[in-house]
Amino acid sequence: MIPELSNPSVCMRDPQRVQEILQSMVKAGSNTLQVISDFDMTLTRFAYNGKRCPTCHNILDNSQLITDDCKEQLKELLNTYYPIEIDSTRSVEEKLPLMVEWWTKAHELLVQQKIKKDMLALAVRESEAMLREGYQLFFDHLYEHSIPLLIFSAGIGDILEEVIRQANVFHPNVKVFSNYMDFDETGLLKAFKGELIHIYNKREGALLNTGHFQELRTRPNVLLMGDSLGDLTMADGVQDMENILKIGYLNDKVAERKQSYLDSYDIVLVEDETLEVPNAVLLYLT
Ligand code: C5P
Ligand code: MG
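Residues numbered from 1 in each chain as written. Chains lettered and ligands numbered in written order. Predicted model: local features only at pLDDT ≥ 70, side-chain atom pairs only at ≥ 80, totals over all residues. Heavy atoms only, no water.

### Comments concerning the overall build of the protein
Within the protein, the regular secondary structure consists of 11 helices and 11 strands. The C-alpha radius of gyration of the protein comes to 18 Å, within 12% of the 19 Å expected for a compact globule of 286 residues. Along the three orthogonal principal directions, the C-alpha set of the protein runs to about 55 × 40 × 35 Å. Residues counted as buried form 56% of the 286 residues belonging to the protein. Considering only residue pairs separated by 6 or more positions, the protein has 71% of its internal contacts joining residues 24 or more positions apart. A total accessible area of about 13,200 Å² is found for the protein, and carbon and sulfur atoms account for 48% of it. The averaged location of the 44 negative side-chain charges in the protein is 1 Å from the averaged location of its 28 positive side-chain charges. (Helix = DSSP H or I, 4+ residues; strand = E, 2+ residues; numbered from the N terminus. Rg over C-alpha atoms; globule rule 2.2 N^0.38 Å. Buried < 20%, exposed > 50% of the residue type's maximum accessible area, 1.4 Å probe, protein only. Contact = heavy atoms within 4.5 Å. Areas by Shrake-Rupley, 256 points an atom, 1.4 Å probe, with all protein chains shown as cover. Lys, Arg positive; Asp, Glu negative; His and termini not counted. Charge placed at Lys NZ, Arg CZ, Asp CG, Glu CD.)

### Considering the packing of helix α1 (residues 15-28) against helix α11 (residues 276-285)
At their nearest, the axes of α1 and α11 sit 9 Å apart, and the two run at 45° to each other. On the basis of their axis angle, the class for α1 and α11 is oblique. In contact with Leu 22, Met 25 and Val 26 of α1, α11 contributes Val 281, Tyr 284 and Leu 285. A breakdown of the residues in the contact of α1 with α11 according to their chemical character gives 6 nonpolar, no polar and no charged. (Axes fitted to C-alpha atoms, helices over the stretch in contact; angles between N-to-C directions. Parallel < 35°, antiparallel > 145°, perpendicular 65-115°, else oblique. Nonpolar A, V, L, I, M, F, W, Y, C, P; charged D, E, K, R; others polar.)

### Details of unusual backbone geometry
Its identity as a non-glycine residue notwithstanding, Asn 168 has a phi of 60°, on the positive side. You can see Asn 168 is positioned in the loop between α7 (157-166) and β6 (174-179). Non-glycine residue Glu 271 carries a positive phi angle of around 45°. Along the polypeptide, Glu 271 turns up in the loop between β11 (267-270) and α11.

### Considerations on helix α10 (residues 254-264)
The complete set of buried residues in α10 reads Val 254, Arg 257, Tyr 261, Leu 262 and Ser 264. Looking straight down α10, one finds its buried side chains confined to an arc of 160°; they lie on one side. Buried residues along α10 sit in contact with β1 (10-11), β10 (243-250) and β11. (Arc of directions from axis to C-beta.)

### Structural notes on the site of ligand 1
Around ligand 1 lies a shell of 17 residues, among which Asp 38, Thr 55, Glu 85, Ala 154 and Lys 202 are the nearest. Taking Lys 202, its side chain carries an N or O atom lying 2.8 Å from an oxygen atom of ligand 1. Breaking the shell around ligand 1 down by element, the ones donating at least two residues are α2 (56-61), α3 (68-85), α4 (92-112) and β5 (149-156). Taken together, the residues of the shell around ligand 1 sort by class into 6 nonpolar, 5 polar and 6 charged. (Near = heavy atom within 4 Å. Polar contact = N/O pair within 3.5 Å; in protein donor to acceptor, adjacent residues only side chain to side chain.)

### Here's the deal with the pattern of salt bridges
By the definition in use, this model includes 12 salt bridges. For Lys 105, the salt bridge goes to Glu 101, with nearest N and O atoms at 3.8 Å. Within this pair, Lys 105 and its partner Glu 101 are both found in helix α4, separated by 4 residues, close to a single helical turn. The exposure class of Lys 105 is partly exposed, given its relative accessible area of 35%. Glu 101 gets classed as partly exposed once you look at its relative accessible area, which sits at 33%. (Salt bridge = Lys/Arg side-chain N within 4 Å of Asp/Glu carboxyl O.)

### Observations concerning the packing of aromatic side chains
Two aromatic rings are characterised by how far apart their centres lie and by the angle between their planes. All told, the structure shown has 6 aromatic pairs when counted by the stated rule. Ring centres of Phe 138 and Phe 139 lie 5.4 Å apart, and the angle between their planes is 85°; on these two criteria the pair is classed as edge-to-face. Given the relative accessible area of 0%, Phe 138 is considered buried. Judged by centre distance (5.3 Å) and plane angle (80°), the ring pair of Phe 152 and Phe 177 falls under edge-to-face. Here Phe 177 lies in strand β6 and Phe 152 lies in strand β5, a separation of 25 residues in the sequence. The residues Phe 152 and Phe 177 share a single accessibility class, namely buried. Put simply, the rings of Tyr 81, Trp 102 and Trp 103 pair up and form one aromatic cluster. (Phe/Tyr/Trp six-rings, centres within 6.5 Å; stacked < 30°, edge-to-face > 60°.)

### Some details on the coordination of the magnesium ion (ligand 2)
Protein-derived ligands of the magnesium ion (ligand 2) are Asp 38 (OD), Asp 40 (O) and Asp 227 (OD), with the metal-ligand distances lying across 2.0 to 2.2 Å. When the donor residues of the magnesium ion (ligand 2) are listed from N- to C-terminus, their spacing reads D-x1-D-x186-D. Taken together, the residues span a long stretch of sequence, with Asp 40 in the loop between β2 (33-37) and β3 (47-48) and Asp 227 in the loop between β9 (221-226) and β10 at a distance of 187 residues. Residue Asp 40 is classed as buried on the basis of its relative accessible area, which comes to 12%. A residue is classified by how much of its surface remains accessible, and Asp 227, at 13% relative accessible area, is buried. (Donors = N, O, S within 2.8 Å, 3.2 Å for Na, K, Ca; no water.)

Printed below as a string of structure tokens:
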């Protein structure tokens with residue numbers, strides 16, 4: 001039905017079910033659709049020319065806004081906690097407090113750095129962050145069809161917004177839930193605002209934002225995109241959901257994690273650095 005679903009990167013546990021969901025969604029029409037997507041390693045690339053691409057946090061970690069000493073400490077945190085994040089032998093219950101520990105320690109370090117708000121754009125410009133291939137079509141198509149896009153990220157909202165602004169795709173249909181920086185009156189980072197969003201509490205984050213989902217109650221069909229199993233709860237705030245199609249990027253530790261991704265995402269994209277499949281799905285649905 002959609003030729004791109006035969007791409008070599010595509011794996012599906014139940015292709016028939018995917019077809020059924022797609023058919024129901026086409027029938028309902030694109031004015032009933034909303035897209036909910038993770039940011040880091042879902043809308044942005046995981047690797048380019050064999051080298052890892054940065055997350056929102058890494059953009060700051062690697063920037064000139066951070067002292068060498070702090071860079072060392074942030075790197076140590078990454079080396080300690082990232083392997084835990086992607087460890088398929090540990091349960092979410094076991095990982096959750098450790099993830100909170102990672103985010104909390106990293107944010108404490110960042111706050112000590114007295115980061116200037118007006119330097120963030122430069123840090124992003126000088127970074128190696130890259131949106132996935134096909135991002136222009138993705139963002140522009142959603143905008144042209146007035147389909148709301150919620151970017152739901154455990155990264156840093158200020159950085160994420162800057163990435164999409166610099167790529168000229170921060171259209172008015174885009175809404176962001178993320179961790180936002182709080183600056184003092186002189187423009188220095190003093191804290192992070194609100195409740196922390198980490199990779200395993202997106203459900204709670206969604207439920208804190210009932211107003212947003214209330215506004216979108218005429219759009220009970222959801223295309224969800226993520227790269228972590230924690231991203232599966234991003235749509236938990238959607239009211240009276242009718243259909244949901246879940247697309248998951250499996251970027252790392254492929255062999256160990258493939259089965260769990262197949263069990264929870266409808267379409268799994270294995271080491272696929274492009275938005276080709278989500279774009280094909282969107283074109284089909286609109
Ligand atoms: O859910 P989302 O993809 O937005 O999560 C952000 C990502 O940022 C996590 O997958 C994690 O690997 C990464 N991270 C990081 N540095 C931190 C905390 C999280 O790179 N201090
Ligand atoms: Mg992610």
